[in-house]
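Observations on the three-dimensional arrangement
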Amino acid sequence: MTFPVYIWLGSWRIHPHLLFESLAYAAAFRLLLRHVRKDSIAPSQRSSVIVGGMIGALIGAKILVWLQHLDLIWQNQQQLLLLLLQGKTVVGALLGGLIGVETTKKIIGIHQSTGDVFVYPLIVGTAIGRIGCFLTGLSDRTYGIATKLPWGIDFGDGIHRHPTQLYEILFLGLLILFLHFRSRYKYQNGDLFKFYLVSYFGFRFLVDFIKPDFHPFLGLSAIQVACLLTILYYRHSIRQIFQFKH
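Remarks on the overall build of the protein chain
Within the protein chain, the regular secondary structure consists of 10 helices and 4 strands. For the protein chain, the α and β elements follow one another from N to C terminus as β-β-α-α-α-α-α-α-β-β-α-α-α-α. Considering the protein chain as a whole, with its 246 residues, one finds that 46% of them fall into the buried category. Accessible surface, the protein chain as shown: approximately 13,800 Å² in total, 67% of it carbon and sulfur.

Here it is, written out as structure tokens:
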């Protein structure tokens, strides 16, 4: 396999990142529209919450990707500029989106949790997007460190690496199955989103140890620090989320 793996649609050769990112957004938005029908807040309020979340996600994704690659300031400023223009991180988007949603809710006077309807769209969208990350190869910078394990992937530099993009897809598949099982039991409004956020950030905290990222914060990357702080913030909700009551 030669990376990037371009996708041919007739005579058109499409870059995998562009194709699967577009599919991810389309699938996530389609699922969101279906799930919001079950929501209890007014459609106009939901629209405002979605817009606030999207703006926050865009800002958060850019800020955290910059912090994640601070080392490029003195190593390769041209590559850093390219990352700032094209790069984004899911963790930053989630945190920025969360801040954007909560800020919007305060402005328009919503006091109830609104996160559960976003859970399945976010999981499906992220999983589809990671397919594009994997097929893009080295330029996407989402690969893992070198490994001698038999499933290591050579993304084009002659080094067999952990396919961390595939690890994430597998994790998200297992997570969506567990959440589907968990939804059969009683839970408070907002618990599914909290569990999703804590679970995904816990996974990212661990898997980023096998990524060749810049780790300036006591051996942690900027993404790992963000994940850890979020998990600590929601620590009081974790026990309640894992209680299964009919």
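Now that the structure is up, let's keep going.
Comments concerning the pattern of salt bridges
As enumerated under the stated definition, the model contains 6 salt bridges in all. The partner of Lys-88 in a salt bridge is Glu-21, and the shortest N-O contact between them spans 2.9 Å. Of this pair, Lys-88 sits in the loop between α4 (77–86) and α5 (90–108) while Glu-21 sits in helix α1 (residues 16–35); the two residues are 67 residues apart in sequence, bridging distant segments of the chain. For Glu-102, the salt bridge goes to Lys-105, with nearest N and O atoms at 3.3 Å. In this pair, Glu-102 and Lys-105 both sit in helix α5, 3 residues apart, roughly one turn of the helix. Owing to a relative accessible area of 33%, Glu-102 belongs among the partly exposed residues under this scheme. In this structure Lys-105 comes out as buried when scored by relative accessible area, which is 6%. Among the charged side chains, a network of salt bridges with common partners joins Arg-204, Asp-208 and Lys-211.

Observations regarding the packing of helix α2 (residues 43–68) against helix α9 (residues 222–233)
The contact between α2 and α9 brings their axes to 8 Å, and the two run at 125°. By the criterion of interaxial angle, the relationship of α2 to α9 is oblique. Facing Leu-64, Leu-67 and Gln-68 of α2, the residues of α9 in contact are Ala-222, Ile-223 and Ala-226.

Some details on the packing of helix α6 (residues 119–136) against helix α7 (residues 164–182)
Viewed as axis vectors pointing N to C, α6 and α7 meet at an angle of 160°, and their least axial separation amounts to 9 Å. By the angle class used here, α6 and α7 are roughly antiparallel. Seen from above, α6 lies across α7 with left-handed handedness. The segment α6 lies against α7, with Val-119, Tyr-120, Ile-123, Val-124, Thr-126, Ala-127, Arg-130, Ile-131, Cys-133 and Phe-134 engaging Gln-165, Leu-166, Glu-168, Ile-169, Leu-172, Leu-175, Ile-176, Leu-179 and His-180. Considering only residue class, the contact of α6 with α7 consists of 14 nonpolar, 3 polar and 2 charged.

A short note on the packing of aromatic side chains
All told, the structure shown has 12 aromatic pairs when counted by the stated rule. Their ring planes at 50° and their centres at 6.5 Å tell us that Phe-178 and Phe-181 sit as a pair that is tilted. One end of the pair is Phe-178 and the other is Phe-181, both in helix α7 and 3 residues apart, which spans about a single turn. Take Phe-178: its relative accessible area is 28%, and that puts it in the partly exposed class. Here the aromatic cluster, defined as three or more aromatic residues joined through ring pairs, consists of Phe-3, Phe-134, Tyr-143 and Phe-155. Between Arg-13 and the ring centre of Tyr-6, over which it is positioned, the NZ or CZ distance is 3.9 Å.

Observations regarding the nonpolar core
Residues Val-91, Leu-179, Tyr-196 and Phe-201 are the most contacted members of the largest nonpolar core, which totals 27 residues. Secondary-structure elements contributing two or more residues to this core are α5, α6, α7, α8 (191–207) and α9. Residue contributions to this core peak at 9 residues, all from α8. In this structure, Phe-201 is in contact with Val-91, Leu-94, Leu-95, Ala-226, Cys-227, Thr-230 and Ile-231, ignoring residues within four places of it in sequence. Membership of the second largest hydrophobic core comes to 9 residues, among which are Ile-41, Val-101, Ile-110 and Val-117.

Conventions and cut-offs
Residues numbered from 1 in each chain as written. Predicted model: local features only at pLDDT ≥ 70, side-chain atom pairs only at ≥ 80, totals over all residues. Heavy atoms only, no water. Helix = DSSP H or I, 4+ residues; strand = E, 2+ residues; numbered from the N terminus. Buried < 20%, exposed > 50% of the residue type's maximum accessible area, 1.4 Å probe, protein only. Areas by Shrake-Rupley, 256 points an atom, 1.4 Å probe, with all protein chains shown as cover. Salt bridge = Lys/Arg side-chain N within 4 Å of Asp/Glu carboxyl O. Axes fitted to C-alpha atoms, helices over the stretch in contact; angles between N-to-C directions. Parallel < 35°, antiparallel > 145°, perpendicular 65-115°, else oblique. Contact = heavy atoms within 4.5 Å. Left-handed = near helix turned anticlockwise from the far one by under 90°. Nonpolar A, V, L, I, M, F, W, Y, C, P; charged D, E, K, R; others polar. Phe/Tyr/Trp six-rings, centres within 6.5 Å; stacked < 30°, edge-to-face > 60°. Lys NZ or Arg CZ within 6 Å of the ring centre and 35° of its normal. Core = buried A, V, L, I, M, F, W, Y, C linked by side-chain atoms within 4.5 Å.

The analysis is restricted to geometry; functional conclusions fall outside its scope.
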